[in-house]
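Residue-level structure breakdown
What follows is each chain in one-letter form.
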Amino acid sequence: MRKKHGLLKMMVTAAVLCSALLADSNLRVVTTEYTLRYSTLPREFDGLRIVQLSDLHGGVWGRDNAVLLKRVREAKPDLIALTGDLADKSTRLSDIDTLLAALCAIAPVYYVSGNHEWTNRLIEPLRAMFERYGVRYLRNEYVTLRSGEASLILAGVEDPNGWADQPKPDEVADGLPEGFRVLLGHRNYWIWNYPALPVDLILCGHAHGGVIRLPFVGGVLDHHLTLFPGFTSGVYHSGRYDMLVSRGLGNTSGFPRFLNNPEVVVAVLRRG
Ligand SMILES: [Fe+2]
């Protein structure tokens, strides 16, 4: 009888612990800061802080996304990079409108598309919001950021779910001017598909951190239900560039996130 009681107690404790971890993994937004060092970074951009928000999927944390916005403000961004899947078919576009207005009041905002915006025909309604608030949508193009005499190239590529006749990412990268080059591109396939792309840093997402994460293992599933997918979180090196993969904020997999909190990424660029 005492043995049965002990087993029941263990089961209840495990269930409570799992529920608490599940709630935390889906509701508590965390910030992950990466310091990335480059001898080629112009001195004028030493310390540049890029806040990356990826795979929001229309998620809302707090009234009018107050929790998420607090995280972004605390990160003191010089610029904000939205790396795709900002919205999907279940998104209330008024939530995105409110969020974009607030983000643009914090720092300049740059956006590249994800697969879901194309699949769900959301590009045009989003473009109207971008124009309203001044979000710069990088459509296989680049902008030159300047600080004193120095410049930094910030490029963005469309998701391959876009127009069939659009230029390939390597064609876009090959056309970039000389200088330190940061590329925004939604998918996490860069090292697999384009290992020699002539850029210095790529910011991407798409993998949702592997949805379920385990200690010492990493991502267990991706949103296509692939087991143990690669390149799900953190910084990877191709030999030519660094690829920073955000675990993203939202979810579309049908499984809840586990040990994989919604993530605000901060990339701090340092010279050295
Ligand atoms: Fe995606």
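Examining the pairing of strand β4 (residues 109-112)
On a regular strand, each side chain points to the face opposite its neighbour's, so the side chains alternate between the two faces of the sheet. Burial along β4 is two-sided: the residues Val109 and Tyr111 and Tyr110 and Val112 are all buried. Of the strand pairs in this sheet, strand β3 (residues 79-83) and β4 are connected by four bridges, and their pairing is parallel. In the sheet register, Ile80 faces β4, and the bridge partner there is Val109. Judged from the two bridges that link them, β4 and strand β5 (residues 136-137) form a sheet pairing that is parallel. Bridging across to β5, Tyr110 finds its partner in Arg136.

Topic: the packing of helix α2 (residues 66-74) against helix α3 (residues 93-106)
Contact pair α2 / α3: the axes reach a minimum separation of 11 Å and the direction vectors enclose 15°. Taken together, α2 and α3 sit at an angle that is classed as roughly parallel. The crossing of α2 and α3 is right-handed. Counting all contacts with α2, which are made through Leu68, Leu69, Val72 and Arg73, the residues of α3 involved are Leu99, Ala102, Leu103 and Ile106. Looking at side-chain class alone, the contact of α2 with α3 contains seven nonpolar, no polar and one charged residues.

Quick notes on the coordination of the iron ion
Listed as protein donors to the iron ion are Asp85 (OD), Asn115 (OD1), His186 (NE2) and His206 (ND1); their distances from the metal cover 2.1 to 2.2 Å. Considering all four donor atoms around the iron ion, angles at the metal cover 86 to 174° and the coordination shape is irregular. If you list the donors of the iron ion from N- to C-terminus, the spacing comes out as D-x29-N-x70-H-x19-H. Residue His186 is found in the loop between β8 (180-184) and α7 (190-193), and its partner His206 is found in the loop between β9 (201-204) and β10 (213-214); the two are separated by 20 residues along the sequence. Each member of the pair His186 and His206 is classed as buried.

Notes on the environment of Asp24
As for its position among the elements, Asp24 is in helix α1 (residues 2-27). Using a relative accessible area of 27% as the deciding quantity, one classes Asp24 as partly exposed. Spatially, the C-alpha atoms of Asp24 and Asn261 are 7.1 Å apart, while their sequence positions differ by 237 residues. Side chain to side chain, Asp24 and Arg28 meet in a polar contact 2.6 Å long.

Regarding the packing of α3 against helix α5 (residues 123-133)
Two measures define how a pair of helices packs: the angle their axes make with one another and the distance between the axes. Where α3 meets α5, the closest approach of the two axes is 10 Å, and the angle between their N-to-C directions is 25°. Put simply, α3 runs roughly parallel to α5. For the pair α3 and α5, the sense of crossing is right-handed. Contacts from Leu93, Ile96, Asp97, Leu100, Ala101 and Cys104 in α3 reach Pro125, Leu126, Met129, Phe130, Arg132 and Tyr133 in α5. Residues of the contact of α3 with α5, tallied by class, amount to ten nonpolar, no polar and two charged.

Considering unusual backbone geometry
Even without a glycine there, the phi angle at Asp55 is positive, about 50°. Along the chain, the position of Asp55 falls in the loop between β2 (48-53) and α2. Located in the positive-phi region is Phe216, a residue other than glycine, with phi close to 70°. When you line up the elements, Phe216 lands in the loop between β10 and β11 (218-219). Looking at Phe216, the relative accessible area reads 90%, which means it is exposed.

The rules we used
Residues numbered from 1 in each chain as written. Predicted model: local features only at pLDDT ≥ 70, side-chain atom pairs only at ≥ 80, totals over all residues. Heavy atoms only, no water. Buried < 20%, exposed > 50% of the residue type's maximum accessible area, 1.4 Å probe, protein only. Helix = DSSP H or I, 4+ residues; strand = E, 2+ residues; numbered from the N terminus. Pairing = 2+ DSSP bridges. Axes fitted to C-alpha atoms, helices over the stretch in contact; angles between N-to-C directions. Parallel < 35°, antiparallel > 145°, perpendicular 65-115°, else oblique. Left-handed = near helix turned anticlockwise from the far one by under 90°. Contact = heavy atoms within 4.5 Å. Nonpolar A, V, L, I, M, F, W, Y, C, P; charged D, E, K, R; others polar. Donors = N, O, S within 2.8 Å, 3.2 Å for Na, K, Ca; no water. Tetrahedral: all angles 85-135°; square planar, octahedral: opposite > 155°, others 65-115°. Polar contact = N/O pair within 3.5 Å; in protein donor to acceptor, adjacent residues only side chain to side chain.

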